[in-house]
2 protein chains.
Amino acid sequence: MSTKAPRIPLGVIRRLPVYLRHLKQLEDHHVQTVSSQELGAQLDLNPAQIRKDLAYFGEFGRKGIGYEVRYLIDKIEQILKLDREIPVALVGAGHLGIALCHYNQNKPGNLVIGHVFDNDPAKVGMRIGQVVVRPAEQLERCLREHQIRMAVIAVPAEHAQEVADRLVQGGVTAILNFAPAALRVPEHVHLRNADFTSELQSLAYYVLD
Amino acid sequence: MSTKAPRIPLGVIRRLPVYLRHLKQLEDHHVQTVSSQELGAQLDLNPAQIRKDLAYFGEFGRKGIGYEVRYLIDKIEQILKLDREIPVALVGAGHLGIALCHYNQNKPGNLVIGHVFDNDPAKVGMRIGQVVVRPAEQLERCLREHQIRMAVIAVPAEHAQEVADRLVQGGVTAILNFAPAALRVPEHVHLRNADFTSELQSLAYYVLD
């Protein structure tokens, strides 16, 4: 059971970072207010959908004026918990894990991959930027010690379920899975599957003949 | 100017793979027909949005019955050009490039990364599964020779614009960019920025306190 009430649809939560990124671009261009009509046109979304999405969290817009850009950025960052530092664990220091770790360090934000684990003794002790790879045996203990609730899985598909089970055991409640495997997690855990294939697929539409 | 008429909003094109993946799951569960209401509930989207999205491409549903799952899968695959093999070039054989290449080979589909390029002599000639890394000098010539229209950029941010320019020069019209850089491309080229940060951000919402 979720501790949140009301329950927000997943689609809404997935659109919030899209709104956020766009609002930050508007702010960079010194735009101070924006209407749901303008946002809808800029993001190819129904203005009513945008108003409904944001209304889950409160009354952010004003009739005839729209949304104040800075205020809405602050609110969405609060909703997504981007106003505090969140430690993230990464399991799997293969090519993908290393790439994700570098990416995270090069684009500093509030989500910090501070712990990386691998079961390969050859990788344990390896430095990825400021982070040192730890042995997988320490996973659960380390998660609990540092109260880590969020994790990224970047291991081969055949190990992904075991890793997910151990993450849950260690107290993780939000998992981003890069392994091409359908994972089972308890109801209270949120699982997201990263999907490179979908990105490529929707791009194929734009290949001109 | 686009050669397509009517011009389909980007948001619609990005939702098609989501519909497709879900329809394939329904098919796996032997579901034969589905209504836009059911799809909307399952995908957290407005049923009217789904009907409108699909209506850009034709009349796929029937009143009182809904959509035939198999038929709609075929149609979306045609729209996204997933019914033919599309060659994809990858530039950058670093950790991310290697990971993407392995991923593509492990999940075979119609989008085939068959050519990989890098400007580092130490990487040229390296095998990634069935593909051999080629020198970056051959990029434009190879793209033209094999009529490659789609490419993935996985180089450091500071080289991404130069690579994009050369891809366009070689005839590429659809680019998936993994470099954290804002790239400029001509109007006829479709650029998509992969965004690991947004994925993590929307996941942070589910971190329970």
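Remember, it's a predicted structure, so these values are computed and weren't measured experimentally.

Thoughts on the nonpolar core
A general tendency of soluble globular proteins is for nonpolar side chains to be buried together. Among the nonpolar cores identified, the biggest contains 53 residues, and L23, L54, I76, V116 and M150 of chain A are the most heavily contacted of them. Here this core takes 7 residues from helix α1 (residues 10–28) of chain A, the largest share from any one element. Two domains each donate at least three residues to this core, and these are domain 1 (10–79) and domain 2 (86–199) of chain A. Formed by 51 residues, the second largest nonpolar core is a distinct cluster that contains L200 of chain A together with I128, A174 and F178 of chain B.

Remarks on the packing of aromatic side chains
All names here are of chain A. Considering all chains together, one arrives at 3 aromatic pairs over all chains under this definition. Look at F60 and Y71: their rings are 6.3 Å apart centre to centre, the planes differ by 75 degrees, and that puts the pair in the edge-to-face class. Highlighted residues: F60 in the loop between α3 (47–55) and β2 (61–62) and Y71 in helix α4 (residues 69–79), separated in sequence by 11 residues. Classification of F60 by relative accessible area gives buried; the value is 12%.

Considerations on the sheet that holds strand β10 (residues 190–193) of chain A
Residue and element names in this part refer to chain A. The 7 strands are arranged β6-β7-β5-β4-β8-β9-β10 in an open sheet whose pairing can be described as mixed. For this open sheet the edge positions go to β6 (127–128) and β10, each flanked by a neighbour on one side alone. Note that strand β4 (residues 86–91) and strand β8 (residues 150–153) share 4 bridges and pair parallel. Directly across from V91, in β8, lies its bridge partner I153. Taken strand by strand, helix α5 (residues 95–106) contacts β4, β5 (111–118), β6, β7 (131–135) and β8, and its axis lies near 155 degrees from that of β5. The sheet contacts of helix α7 (residues 157–169) involve β4, β8 and β9 (174–177), and relative to β8 the element is tilted by about 170 degrees.

Cut-offs and rules
- Residues numbered from 1 in each chain as written.
- Chains lettered and ligands numbered in written order.
- Predicted model: local features only at pLDDT ≥ 70, side-chain atom pairs only at ≥ 80, totals over all residues.
- Heavy atoms only, no water.
- Core = buried A, V, L, I, M, F, W, Y, C linked by side-chain atoms within 4.5 Å.
- Buried < 20%, exposed > 50% of the residue type's maximum accessible area, 1.4 Å probe, protein only.
- Helix = DSSP H or I, 4+ residues; strand = E, 2+ residues; numbered from the N terminus.
- Domains from an automatic or database assignment.
- Phe/Tyr/Trp six-rings, centres within 6.5 Å; stacked < 30°, edge-to-face > 60°.
- Pairing = 2+ DSSP bridges.
- Contact = heavy atoms within 4.5 Å.
- Axes fitted to C-alpha atoms, helices over the stretch in contact; angles between N-to-C directions.

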